[in-house]
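# Residue-level structure breakdown
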Amino acid sequence: SPIGSGLIVQDRIDAGATNPTVTISKGMDFNGPAVAMLAQMFGTEIVTGLGSGGYVHSILLNANLNTNYGCVAYHSDSASVHEFRNAAVTSYEINATPNEYLAATINLLATEFKNSSTTNTAVSLLTTTIADSEPAIARPIHTVRLNAQAGGALSGSDVYAVTNATFSYTREQELVGEIKGSAGNGAQRSSGSVPFAARVTLTFKTKVDETWFTSLINETEWKMDCKIEGTLIGGAVYRTIELSFPRLKVDGDPSYSLSNTGDNEMTVNFRVLAASANPTGMIDVYPYARIINTRATKFLK
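Presented here is a report on the structure given in the accompanying data block. (Residues numbered from 1 in each chain as written. Predicted model: local features only at pLDDT ≥ 70, side-chain atom pairs only at ≥ 80, totals over all residues. Heavy atoms only, no water.)

### Some thoughts on the pattern of salt bridges
Under the counting rule described, the total for this entry stands at 15 salt bridges. Of the charged contacts in the structure, one is a salt bridge between Asp225 and Arg145, with a shortest N-O distance of 2.6 Å. You can see Asp225 sitting in strand β15 (residues 221–234) and its partner Arg145 sitting in strand β10 (residues 143–148), a full 80 residues away along the chain. A single burial state applies to Asp225 and to Arg145, both of which are buried. The salt bridge involving Glu219 is made with Lys249; its shortest N-O contact spans 2.9 Å. With Glu219 in the loop between α3 (211–218) and β15 and Lys249 in strand β16 (residues 237–250), the pair connects residues that are 30 residues apart, well separated along the chain. (Salt bridge = Lys/Arg side-chain N within 4 Å of Asp/Glu carboxyl O. Helix = DSSP H or I, 4+ residues; strand = E, 2+ residues; numbered from the N terminus. Buried < 20%, exposed > 50% of the residue type's maximum accessible area, 1.4 Å probe, protein only.)

Shown next, in the form of structure tokens:
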């Protein structure tokens, strides 16, 4: 307040709390930072050999927050580095459109931002390479499958044709100021109404029948997966990104407007829920991912 200072303009400002955040938009990869950040968010990773040089990374939801942290660094110019330490993924969205690169938008919250004395230098960043440069591409041959939550394992008869699929995961976190005898922020804490939330949005080129309106009215429960494949590793093992949702329900009215005199597209939103037990053909009660690549070790250390 300028009261009593004899001034009509504030004459002092001091540094307060910090909240280092970073957003990354990139193509999904089979063996690279996109998978590492997904594993960081979920918290548990199990690696199993498949033979022929292939390994499946099962990425499962851990109730404990941030079992591992990430470090995000990039060149801010040719000689300088911006680095976000103890970074945690707070939201992760995957967008699949036919014949387009699988796209990820990732938000992270770090405890510290550095632009000097960084762990990663401008020189060392130049030497980094992605382990597998093959991008994931959503092709017409790939699948989105849904059937009854209590039904049999998902199969070829459960495929739905979609023009777009968006998978959104949220693990809200915040930094809390503490008087703690040391500088900087402490570890992130969970925030928001639900510790972990996920949603799925599917767009169909036309309205075929009343399935999704009836599903909303009857509160029908579903299970779902989406499988995107890449090139052959060896034998019958292909690079793969597989996203699975053991239980979900239509959330809100399907979007279907009569704006055109011909066919109109339909968009359906699903809320992802915890299942009471592993559905037939699935390995967890929570949403999870399975990534097949040539990496024999975990992304999480």
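### Quick notes on the nonpolar core
Tyr92, Phe167, Tyr169, Met224 and Phe270 are the most contacted members of the largest nonpolar core, which has 55 residues in total. Per-element tally for this core: the top contributor is helix α1 (residues 33–42), with seven residues. Residues in contact with Tyr92, not counting those within four places in the same chain, are Met28, Ala34, Val35, Met37, Leu38, Met41, Ala104, Thr105, Ile106, Phe167, Ser168 and Tyr169. (Core = buried A, V, L, I, M, F, W, Y, C linked by side-chain atoms within 4.5 Å. Contact = heavy atoms within 4.5 Å.)

### Quick look at unusual backbone geometry
The phi dihedral of Ser52 is positive, around 60 degrees, even though this residue is not glycine. Counting through the fold element by element, Ser52 comes out in the loop between β2 (43–51) and β3 (54–61). According to the relative accessible area criterion, Ser52 is partly exposed, its value standing at 46%. Backbone geometry places Asn99, a non-glycine residue, at a positive phi of 65 degrees. With respect to the helices and strands, Asn99 occurs in the loop between β5 (80–96) and β6 (100–101).

### Quick notes on the pairing of β5
Taken together, the six bridges between strand β4 (residues 70–77) and β5 define a ladder with antiparallel strand orientation. Looking at the pairing, Val72 lines up with Phe84 of β5. Between β4 and β5, which pair antiparallel in sequence order, lie two residues. The pairing of β5 with strand β8 (residues 112–114) spans three bridges and is antiparallel. Looking at β8, one finds that Glu83 is bridged to Lys114. Note: β5 against strand β11 (residues 164–170), six bridges, orientation antiparallel. If you follow Tyr92 over to β11, its bridge partner there is Tyr169. (Pairing = 2+ DSSP bridges.)

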